[in-house]
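Breakdown of the fold
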Amino acid sequence: MDYIYLDHAATTPLHQSVQSEMKEMISKAFGNPSSIHHFGRETRKVLDRARENVATSINAKFNEIIFTSGGTEANNLAIFGAVEANKDKGNHVITSEIEHHAVLHPFEELERKGYEVTYLPVDTSGTISMADFQKELRDDTIFVSVMTVNNETGIRQPVEKIADQLKDHQAIFHTDAVQAYGVESIDVNELPVDLLTVSSHKIYGPKGIGFLYKNHSIHVKQQLFGGEQERKWRSGTENVLAIVGFDQAIRSLKEELNSRKKHYEKLSNEFIKQLQASDVICSINGETSLRSPHIVNVSFEQTDVEQLLMNLDLEGIAVSSGSACTAGSINPSHVLTAMYGEEDARLRNSVRFSFGKDNNLDDIKRVVNTLEKITSRLRRLA
Amino acid sequence: MIYLDNSATTKPYKEVLDSYQTVAMDFFGNPSSVHGLGGEAELILKKAKSQIKTMLNTEHDIIFTSGGTESNNLAIKGIAHELRDRGNHIITTTVEHPSVLEVCRHLEQNGFSVTYLPVNENGKITVDQVNAAIQKDTILVSVMHVNNEIGAIQPIEEIADLLISHPRIRFHTDHVQGLGKINLPYNHGGIDAITISGHKIHGLKGTGCLLKKKNLVLQTLSHGGSQEFGYRAGTENVAGAVSLAKAIRYAVEEQKNYQHLAKLKDLLIEELLTYGRIHINSDEDCADHIINFSITGVKPEVMIHAFEEKDVILSTKSACSSKNEDASYVLLACGRDDDVASSAIRLSMDVNQDRQDIVEFNKVLKDVMEQYKDVMG
Ligand SMILES: Cc1ncc(COP(=O)(O)O)c(C=O)c1O
Ligand SMILES: Cc1ncc(COP(=O)(O)O)c(C=O)c1O
């Protein structure tokens, strides 16, 4: 049976070009970039080239890219690093209720450390409101983190407006762009954030690598201590092979961004259309007009998410209930809870479908057919 | 090209790369995903863990990290913060890798007090020094196994023997330069945490792990998902983990070849001793794969390049600090004067280093010494 993979928001396979580039470079770039001899210098060149390209991809400067071991580390560095560096200016920080755990949990840690944290709510559209943000922003707010695109619903957040609001405010603005980076072109001049997180394995690159964009004027306190790599913002021998792969994934993304976006749009629109035309009783979670094209979060009435996932898996369809990161148990999604409240049935019957470049319309058809079969069976059992 | 900088990094084995590639391509799922592809990836990750445990013959938990630096940070910060209520005193040495020293300095700025044990002229501390430094509020001892600049081997087992009777004190050791070379009693009840890095044993950069005793509780460095028992958030580098297990397997298997390095070291030392201007900084008790010597009167960078011209790759100090020109803090700690400490060269061999490479090195050394005879005056 052919597996249909519709969990690209959890992770993506390696791009063909990434595989070949990594294969090609490994024998050329095995040196330690800090070594002053030939092997070190050759590897340093490879690293510099990658950094230059990565920076260019968001219109940033070479020195504004800090490579990390992934999105989680980049978020942690942004949050703890910036808050620590600016703690003299105030004690208040703002984020949203729907952030990824790699943002939410650091904020909970900040709370334990005595910071005052405001978690912005969302309404049923899945987005925070600017009115709430304006209300909560204070003179002593030092840090704001709001994600660009939510990983469970695909709903885009008003990050441009927040950046605009913060233009003349002391607060540092971070956005977790892990889900956005693969579907939209980001330019840090047009979206003037101070800190921005990207992860490689969501854009057809290898796992274990990511970057934090850090505007050169922003102070961030180092979190991982040791050697002088990454200009001392992040110690540790550089993960050169993964950086090579990440770089190539970004190059491919640049070439294919428009076609990928169109492809995701086609697939997700067709998916929604076919679902609505089918016998499946369902509704889309979140305001569709704010949805990123690669994610559709669907609630299936009178079904149960665990049974849905299990049945879909048996039929060879890989999807998820939301974030992959709450290993093992399927806890009600904190994102849907924020949107609908704790009692809502949608918390127990929603599934995330996230599309990739290798999915096609046949996949959509098979998925919708399978959903018809499964949901009618589950509804009968309910 | 004769590569004698294996302590900076090693060339990954083909088999290691192959397993990385296979896993990265065929098992790309996110181990936390509940569907089949996630399950497969999770299984592979677990298998890599149990392989490492079998190979090192240990019951410890394995926490995969992004390398030696992160493992050291996780162990030291993690233990210090976890036990903060119990005490705030930490014991380490003056010759640790920066990924230990810098963490300790950071902790000092945050209310901890740190004793940096001085070393003797061979870079070693004694167990008595550790014993004497223990205070009522000591919570952690961190001592590296093999020093990365001069190869000094610390008495880890003796320290562990001592600390086993101090159940309130945790013991961490940085095993990055020792793995596959010098035995460490992985299951010793007195050792709580052990740092391992992949790229020093023909694995990949950005891979490593922390071995920790089952009952050791740590505070996590990174908050997020609940991966790695909740000790290390972030989507797992599954392919990296599998490649690390492979690299560890080779390191363990090939340790039997290590003995022959003693003879190569003799061959080297014998030659080095014939030059009056050369000071040997690694004594006979040091590990056999790292030989540190100073050619005084010439900048070590100049020497490194002179050797490189003749296809011999060496390094100054450790790679992580090669960019600043100061003297080696390790050699200063060993009591060397500025001249010696700022003209050090490190030659680091692979377990499978060919005898002919050293014979060739000795010849090149002769040429280089001849070439710089006048400069040295
Ligand atoms: C929005 C978002 N932020 C952060 C992360 C964490 O990134 P990583 O898996 O590279 O640690 C993820 C994915 O897991 C994500 O979807
Ligand atoms: C003794 C020692 N500890 C720690 C490290 C750091 O390991 P990594 O390069 O994997 O971060 C190194 C090497 O750089 C080392 O030699």
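Chains are numbered independently. Their residues run from 1 in the order of the written sequence. Chains and ligands are labelled sequentially in the order written, the chains with letters from A and the ligands with numbers from 1. Confidence filtering applies because this is a predicted model: local features only for residues at pLDDT of at least 70, side-chain atom pairs given and counted only at 80 or more, and all residues used for totals across whole chains, interfaces and linings.

Side note on the site of ligand 2
If you check the shell around ligand 2, you find 17 residues, and the closest are Thr237 of chain A together with Gly67, Gly68, Thr69 and Asn148 of chain B. Only the C-beta atom matters for this test: placed from the backbone, it must lie within 6 Å of a molecule or strand for the residue to be near it. Proximal residues around ligand 2 fall on chains A and B, making this an inter-chain site. It is helix α3 (residues 68-82) of chain B that contributes the most residues to the shell around ligand 2, three residues altogether. Gly falls in the polar group here, along with every residue not listed as nonpolar (Ala, Val, Leu, Ile, Met, Phe, Trp, Tyr, Cys, Pro) or charged (Asp, Glu, Lys, Arg). Of the residues that constitute the shell around ligand 2, the class distribution is three nonpolar, 13 polar and one charged. For the purposes of this entry, the term helix denotes a DSSP run of H or I that reaches at least four residues, the term strand denotes a run of E that reaches at least two, and both are numbered from the N terminus.

Comments concerning the site of ligand 1
If you check the shell around ligand 1, you find 17 residues, and the closest are Gly70, Gly71, Thr72 and Ser199 of chain A together with Thr235 of chain B. Lying at an intersection of chains, ligand 1 is approached by residues of chains A and B. The greatest single-element share of the shell around ligand 1, amounting to three residues, is contributed by helix α3 (residues 71-85) of chain A. In terms of residue class, the shell around ligand 1 is built from four nonpolar, 12 polar and one charged.

Let's talk about the packing of helix α1 (residues 16-26) of chain A against helix α7 (residues 240-277) of chain A
All names here are of chain A. All axes here are fitted lines through C-alpha atoms, helices being fitted over the stretch that makes contact, and every angle between N-to-C directions spans 0 to 180 degrees. Following both chains from N to C, one finds α1 and α7 inclined at 145 degrees, their axes separated by 9 Å at the closest point. Handedness of the α1/α7 crossing: right-handed. Contacts from Ser17, Val18, Glu21, Met22, Met25 and Ile26 in α1 reach Leu241, Val244, Gly245, Gln248, Ala249 and Ser252 in α7. Per-class residue counts for the contact of α1 with α7 are seven nonpolar, four polar and one charged. For a crossing to be left-handed, the near helix must be turned anticlockwise from the far one by less than a right angle; the clockwise case is right-handed. By the convention adopted here, residues are in contact when the distance between their C-beta atoms, placed from the backbone, does not exceed 7 Å.

Some points on the domain arrangement of chain A
All names here are of chain A. The domain limits used here are those given by an automatic or database domain assignment. Domain annotation of chain A identifies domain 1 (4-12 + 257-381) and domain 2 (16-252). The C-alpha-based centres of domain 1 and domain 2 are spaced at 28 Å. Contacts between domain 1 and domain 2 engage 27 residues on the former and 27 residues on the latter. Looking at the side of domain 1 that touches domain 2, the elements with two or more residues in it are α7, β10 (295-300) and α9 (334-340). Of all the elements, α9 adds the most residues to the side of domain 1 that touches domain 2, at five residues. Partitioning the side of domain 1 that touches domain 2 into residue classes produces 12 nonpolar, 11 polar and four charged.

Some remarks on the sheet that holds strand β2 (residues 65-68) of chain A
Residues and elements named next belong to chain A. When DSSP finds at least two bridges between two strands, those strands are taken to pair. Reading across from one edge, β2-β8-β7-β6-β5-β3-β4 is the order of the seven strands in this open sheet, with mixed pairing throughout. Edge positions in the sheet fall to β2 and β4 (116-120), since each has one partner strand and no second. Direction aside, the axes of adjacent strands within the sheet are offset by 20 degrees on average. Inspection of the sheet shows strand β6 (residues 172-176) paired to strand β7 (residues 195-199) by three bridges, in the parallel sense. Along β7, the bridge assignment pairs Thr175 with Leu196. Running at roughly 155 degrees to strand β3 (residues 92-96), helix α4 (residues 101-112) makes contact with β3, β4, β5 (141-145) and β6 of the sheet.

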